[in-house]
2 protein chains.
Amino acid sequence: MRALVIIAHGSRRASSNDEVRELAARVAETEHEFHDVSCAFLELADPLIPAGVEQAIKRGAKEVVVMPYFLSAGRHVVSDIPAEVAKVCDKYPHINVKIAPYLGASESMTKIILQQSVL
Amino acid sequence: MRALVIIAHGSRRASSNDEVRELAARVAETEHEFHDVSCAFLELADPLIPAGVEQAIKRGAKEVVVMPYFLSAGRHVVSDIPAEVAKVCDKYPHINVKIAPYLGASESMTKIILQQSVL
């Protein structure tokens, strides 16, 4: 029972948060190895990371992959997300919570940029 | 003579800006239709958008594709980047400057998220 939680920054703009929720729903509909796909936010939107990961655990996850939907390896990726994830790990020490490489680190990014730029 | 200018937000962290510059260099090395690939920043780093697009024009571009390296369709994508691009268009009315869909709008994003999450 593996869950994927996509982590976005969170915005004051509801539509930006909804964009992330819709993305998570589209990922859920794609063929993949997870039994559960959801999203959570570092700040400004619900659920926050500890609540989002905990919800996945309560839905039955024994392993959770947290995927930072961030473009650069800034403070949020390097420190803030691991700190939020650590709060859940302390509470559920028997659950394996792993943090995936952040989005911007993907080697496919160059291809996506060029795909988007064909006008 | 088409140029691609990848637009990032810009950060106080030099390493985040360098990450974007390195990405632009990797895109330049990929097979593509552009004779010139560079990056520019909305704020906090050089070159800013008007200067970056102007540099591409001075290197010979007759058409410039501006690609917003942003994940959500917030104010920066909807208003700020078009406003900065408009400054160059006013100065070079004979150059065709187009704005590509922002990165987060890519249909490939679901695939990239899943690729990054295989641990």
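What comes next is a walk through the structure. (Residues numbered from 1 in each chain as written. Chains lettered and ligands numbered in written order. Predicted model: local features only at pLDDT ≥ 70, side-chain atom pairs only at ≥ 80, totals over all residues. Heavy atoms only, no water.)

1. Some thoughts on the packing of helix α4 (residues 109-116) of chain A against helix α1 (residues 14-29) of chain B
Between two packed helices, what matters for the description is the angle formed by their axes and the separation of those axes.
Thought 1: For the pair α4 of chain A and α1 of chain B, the least separation of the axes is 9 Å and the interaxial angle reads 70°. As far as their axial angle goes, α1 of chain B and α4 of chain A are roughly perpendicular. In this structure, α4 of chain A contributes M109, T110, I113 and L114 of chain A to the contact, and α1 of chain B contributes L23, R26 and V27 of chain B.
Thought 2: Grouping the constituent residues of the contact of α4 of chain A with α1 of chain B by class yields five nonpolar, one polar and one charged. (Axes fitted to C-alpha atoms, helices over the stretch in contact; angles between N-to-C directions. Helix = DSSP H or I, 4+ residues; strand = E, 2+ residues; numbered from the N terminus. Parallel < 35°, antiparallel > 145°, perpendicular 65-115°, else oblique. Contact = heavy atoms within 4.5 Å. Nonpolar A, V, L, I, M, F, W, Y, C, P; charged D, E, K, R; others polar.)

2. Here we look at the side chain of H76 of chain A
Residues and elements named next belong to chain A.
Thought 1: When you line up the elements, H76 lands in helix α3 (residues 75-91).
Thought 2: Only 3.2 Å separates the side chain of H76 from the side chain of H9, close enough to count as a polar contact.
Thought 3: Side-chain polar atoms of H76 contact the side chain of D80, separated by 2.8 Å.
Thought 4: For H76, the residues in contact, after removing those within four places along its chain, are H9, L42, F70, I81 and P82. (Polar contact = N/O pair within 3.5 Å; in protein donor to acceptor, adjacent residues only side chain to side chain.)

3. Things to note about the sheet that holds strand β2 (residues 36-41) of chain B
Residues and elements named next belong to chain B.
Thought 1: As summarised here, the arrangement of the four strands in space is β2-β1-β3-β4, forming an open sheet in which the pairing is parallel. In this open sheet, the two strands that pair with only one neighbour each are β2 and β4 (96-99). In this sheet, adjacent strand axes meet at a mean angle of 25° when their direction is disregarded.
Thought 2: Across the sheet, helix α2 (residues 49-58) is in contact with β1 (2-8), β2, β3 (63-68) and β4; its angle to β1 comes to roughly 165°. (Pairing = 2+ DSSP bridges.)

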